[in-house]
Amino acid sequence: MAPSLHSLPPPSKKRKTHKEDHGSRVKQLEDQLTNAIATNSSLNPLADLLTLAFDARDPHDTSKAIYALYRVFVIIISNNKLVHGEDDAAKVVKAWIWERLQSYVDFLGSLLQDDEKFLRTSALQVMFSLLKYLSTSFTNSSHPTKPQPQFHSSHFRKIVTSLLLCPHSERSTSTPKPDGGLIDPDVLNLFYDSWFSVHDDIRWFFLRESATLLNNHSQDASPNLAVNLLSILERLSTFPTEQSELNAWWVAELGAKPPKLKASKKGSANAESSSDEEDNVKTGVDEDNDDWRKFFDEEPATADDGKAKGPQARLHKMTIHQSLHALSSHRAVFTRAWLTLLPRLSTPENVEKSKASATRALNLMHRGVMPHLTRPILVMDWIGACVDMGGSVGLLALNALFVLMKEYNLDYPSFYMRLYAFLDRDVLHLKHRSRFFRLTELFLSSTHLPATLLASFVKKLSRLSLTAPPAAIVMVIPFTYNILKRHPALMVMIHRADVDDSNDPFIVEETNPLQTHALESSLWELLSHTQHYHAPVSTMCKIFSEAFTKPGYSMEDFLDHTYNTLFETEINRKIKREPALAVESNVRMFNEAVQQDSQEVSMAENTQRDFINELWVFS
């Protein structure tokens, strides 16, 4: 029996009709709301428009609805519908509109984790645009005659929460991501390129709010919060270093020059502070948690003659507007954000994740974090804990400690003992050995280091080279040569021929490099490499038997060698003369006599053995 024509549904026609119905319904509700705002009538269609946005299954329908809502809320904000009214009825309407706006913003925040890229980016753009309108509206209503610049902190706090906590998308057809809780790369790039790296007010408030968010959420409840914040902070390369660089503002009203705060007039300062507290209450700032100004005042600046300059305004007496225009307050919120973040990067349950996060932070610590901290010495405890992790993390932590010692006068007497502890049996076999030699050459570059200390490092590396691969030995040789050339007191170690493996006074097990008796030993380990099977190694070792008239080696020429690079070098080498096919060897390693009977000795004296021919005899 042939099927009826009515049993074949036209799905494409239904979908098209559905889209047209949805779009027309959104347009109808938007027009109704626009007229209602103009005539000051009922805004009940706003709830229907929100329902259309929340329940839409097609992402394009969702996009139409959220942009319609955006246009409606902009009109509401611009017409001061969210400003406190004089009568009770106006306050009820304002509270109802505010609840609808919060639901809308929460929905936008969830869209930052949506499946559709255009919804993710559109949601972030809409949220930041609303921030500008809300801040401007609150600025205009802050004072009847002289408006005070305002930043809508409560709305911005929702943006920060959505960026760092990454809630799942509330759109019905969106599927949770397998890596839920991690910030989306598209959202990260858009936020950084459009706001965080450009506008000083956005960066300042983000640093403040992110630290507060870290304090208010436990690591168990939000395991990816610290990683998301690190993903944003590690990209920051535009932090201001001069007062004149504070010149870009997302909220234009904040760009106005604030009144100067005179430290001598306590009454005036307190009055301005109290005025700022009122502004903070209006925008929802929690002063108990917002403690960035209380602990990070910088030391008083000194004049050229060494005397302290005149009285300066303390950070805790500045208003928000004044803080945004003060470089010291930007350094304060930056310091608080990093000091709150660093302890959260360590997760005892996941050691590998902790090491990966610590490595990312330490890679930029010396160039992107310490120069902008109010007191770089504050990160010493966390860096010291990273040294205990060992491996590449410990090396990077030692580099950060070295920077603190060199540039910020940190007293850390056990630094070289900690560095010496990295010289174990694995250091020349691991993939980070090139990083180790780079940093160790930097740490030992001072000519004021004691010869006993340097001798221990040179001797320990020489001993480890006995079991090292050729690619590591070609690093040890130029490294040792450079140290010997820089410190002539160590030359005795290559001229002492009466010390070998049988009477070496060097104490391998000693952990203190000043008590190993290395200076009384010799570098017989490097001498043994003159008979190494790899020709470049044996050739390089001969440099110690020549006069030290050659300039020091550039370590960068040797740090990236592997078995692969050594092999390619050998097979691509141009052979000037054919290699010998038969050799006569009488080498005796470490004075061990070859035991032969009298008949073999007499035969060796009368005949010449062909070693190559013997290797090919199979019997």
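Residues numbered from 1 in each chain as written. Predicted model: local features only at pLDDT ≥ 70, side-chain atom pairs only at ≥ 80, totals over all residues. Heavy atoms only, no water.

Whenever I open this one, the overall build of the protein confuses me. Can you help?
A count of helices and strands for the protein gives 26 helices and zero strands. Once local pairs closer than 6 in sequence are excluded, the contacts in the protein between residues at least 24 apart make up 76%. Of the accessible surface of the protein, which amounts to about 32,700 Å², a share of 53% is contributed by carbon and sulfur atoms. (Helix = DSSP H or I, 4+ residues; strand = E, 2+ residues; numbered from the N terminus. Contact = heavy atoms within 4.5 Å. Areas by Shrake-Rupley, 256 points an atom, 1.4 Å probe, with all protein chains shown as cover.)

What am I meant to see in the nonpolar core here?
Grouped burial of nonpolar side chains is what soluble globular proteins tend to show. Core analysis: the largest hydrophobic core is formed by 154 residues, its most contacted members being Y104 and L130. Dropping the residues within four chain positions of it, L130 is found in contact with Y70, F73, V74, I77, L101, Y104, V105, L108 and H155. (Core = buried A, V, L, I, M, F, W, Y, C linked by side-chain atoms within 4.5 Å. Buried < 20%, exposed > 50% of the residue type's maximum accessible area, 1.4 Å probe, protein only.)

So what exactly am I meant to see when it comes to helix α2 (residues 45-55) here?
The periodicity of an α-helix, 3.6 residues per turn, causes residues three or four positions apart to be oriented the same way. Within α2 the residues assigned to the buried category are P45, L46, L49, L50 and A53. Each buried residue of α2 lies within a common arc of 145° when the element is viewed along its axis, so the set occupies one face. (Arc of directions from axis to C-beta.)

What exactly am I supposed to notice about the packing of aromatic side chains here?
Two numbers describe a pair of aromatic rings. These are the distance of the centres and the angle of the planes. Taken as a whole and judged by the stated rule, the model has 25 aromatic pairs. Pairing F128 with W250 gives two aromatic rings, centres 6.5 Å apart and planes at 85°, and the pair type is edge-to-face. Of this pair, F128 sits in helix α5 (residues 117-140) while W250 sits in the loop between α9 (225-233) and α10 (266-283), placing them 122 residues apart in sequence. Given the relative accessible area of 0%, F128 is considered buried. Aromatic pair F415 and Y416: ring centres 5.1 Å apart, planes at 90°, arrangement edge-to-face. Given the relative accessible area of 15%, Y416 is considered buried. Aromatic ring contacts, followed pair by pair, group F128, F151, F156, F191, Y192, W195, F196, W204, F205, F206 and W250 into a single cluster. A cation over a ring is seen here: K132 above W250, with NZ or CZ 3.7 Å from the ring centre. Directly above the aromatic system of Y420 lies the positively charged group of K460, at a separation of 4.9 Å from the ring centroid. (Phe/Tyr/Trp six-rings, centres within 6.5 Å; stacked < 30°, edge-to-face > 60°. Lys NZ or Arg CZ within 6 Å of the ring centre and 35° of its normal.)

Just to check I follow, could you spell out the pattern of salt bridges for this structure?
Between side chains of opposite charge, a pair can form when the charged atoms approach closely. Counted according to the given criterion, the structure contains 17 salt bridges. With its nearest N and O atoms 2.7 Å apart, the salt bridge here joins E525 to K459. On the criterion of sequence distance, the pair formed by E525 in helix α22 (residues 524-528) and K459 in helix α19 (residues 451-464) is long-range, its members being 66 residues apart. Pair check on accessibility: E525 and K459 agree, each one buried. Connected through shared salt-bridge partners, K459, R463, D504 and E525 make up one network. (Salt bridge = Lys/Arg side-chain N within 4 Å of Asp/Glu carboxyl O.)

Got a minute to help me understand the environment of T212 in this structure?
Tracing the sequence through the fold places T212 in helix α8 (residues 200-216). Sequence-wise, T212 and R336 are 124 residues apart; in three dimensions their C-alpha atoms are separated by 9.4 Å. Within the local environment of T212, its side chain forms a polar contact with the side chain of R336, the two groups lying 3.5 Å apart. (Polar contact = N/O pair within 3.5 Å; in protein donor to acceptor, adjacent residues only side chain to side chain.)

Could you clarify how one ought to interpret helix α15 (residues 380-387) in this entry?
Turning to α15, its buried residues are W382, I383, G384, C386 and V387. In this fold, the buried residues of α15 make contact with α13 (351-363), α14 (365-369), α16 (391-407) and α17 (415-420).

Could you clarify how one ought to interpret the confidence of the model for the protein in this entry?
Detail in the predicted coordinates should be disregarded across regions flagged by low pLDDT. Residues of the protein with pLDDT of at least 70 account for 79%, and the chain-wide mean is 82. Per-residue pLDDT stays below 50 along residues 12-16; that stretch engages in zero contacts with residues further than four places along the chain or on separate chains. (pLDDT = per-residue confidence, 0-100.)

Can you walk me through the packing of helix α3 (residues 59-78) against α5 in this structure?
Between two packed helices, the angle of one axis relative to the other and the distance separating the axes together describe the packing. For the pair α3 and α5, interaxial distance at closest approach is 10 Å and the crossing angle is 5°. Judged on the interaxial angle alone, α5 and α3 are roughly parallel. Touching P59, H60, T62, S63, I66, Y67, Y70, F73, V74, I77 and S78 of α3 are F118, L119, S122, Q125, V126, S129, L130, Y133, L134 and S137, all from α5. (Axes fitted to C-alpha atoms, helices over the stretch in contact; angles between N-to-C directions. Parallel < 35°, antiparallel > 145°, perpendicular 65-115°, else oblique.)

Would you take a moment to explain unusual backbone geometry for this structure?
Trans peptide bonds make up the majority, and among non-glycine residues the majority have a negative phi. Of note, N80 is a non-glycine position whose phi angle comes to about 60°, a positive value. Within the secondary structure, N80 sits in the loop between α3 and α4 (88-110). Look at N80 and you get partly exposed, because its relative accessible area is 43%. Of note, the phi angle at N409 is positive, near 60°, even though the residue is not glycine. Along the chain, N409 falls in the loop between α16 and α17. N409 sits in the exposed class, given a relative accessible area of 69%.

How should I be thinking about the packing of α19 against helix α20 (residues 470-486) in this particular structure?
Put simply, α19 and α20 touch, their axes get as near as 10 Å, and they point 160° apart. As summarised for this structure, α19 and α20 are arranged roughly antiparallel, according to the angle between their axes. α20 is crossed by α19, and the crossing has left-handed handedness. Residues L454, V458 and L461 of α19 form the contact with α20, whose participating residues are V476, F479, T480 and I483. For the contact of α19 with α20, the per-class residue count stands at six nonpolar, one polar and no charged. (Left-handed = near helix turned anticlockwise from the far one by under 90°. Nonpolar A, V, L, I, M, F, W, Y, C, P; charged D, E, K, R; others polar.)

Looking at this structure, how should I read the environment of Y416?
With respect to the helices and strands, Y416 occurs in helix α17. In this structure the C-alpha to C-alpha distance between Y416 and P513, which are 97 residues apart in sequence, comes to 7.8 Å. Dropping the residues within four chain positions of it, Y416 is found in contact with F402, F443, L444, L449, L453, F457 and P513. Here F443 takes part through its backbone oxygen, which lies 2.8 Å from a polar atom of the side chain of Y416.

I tried to follow the side chain of R120 on my own but got confused; where do I start?
Examined against the element boundaries, R120 turns out to sit in helix α5. What makes R120 buried here is its relative accessible area of 7%. In terms of polar contacts, R120 uses its side chain to reach the backbone carbonyl oxygen of D115, at 3.2 Å. Residues in contact with R120, not counting those within four places in the same chain, are L111, L112, Q113, D114, D115, K177, D184, D186 and V187.

What am I meant to see in the environment of K550 here?
Mapped onto the fold, K550 is located in the loop between α23 (535-541) and α24 (563-571). When the C-alpha atoms of K550 and Y481 are compared, they prove to be 9.9 Å apart, with 69 residues separating the residues in sequence.

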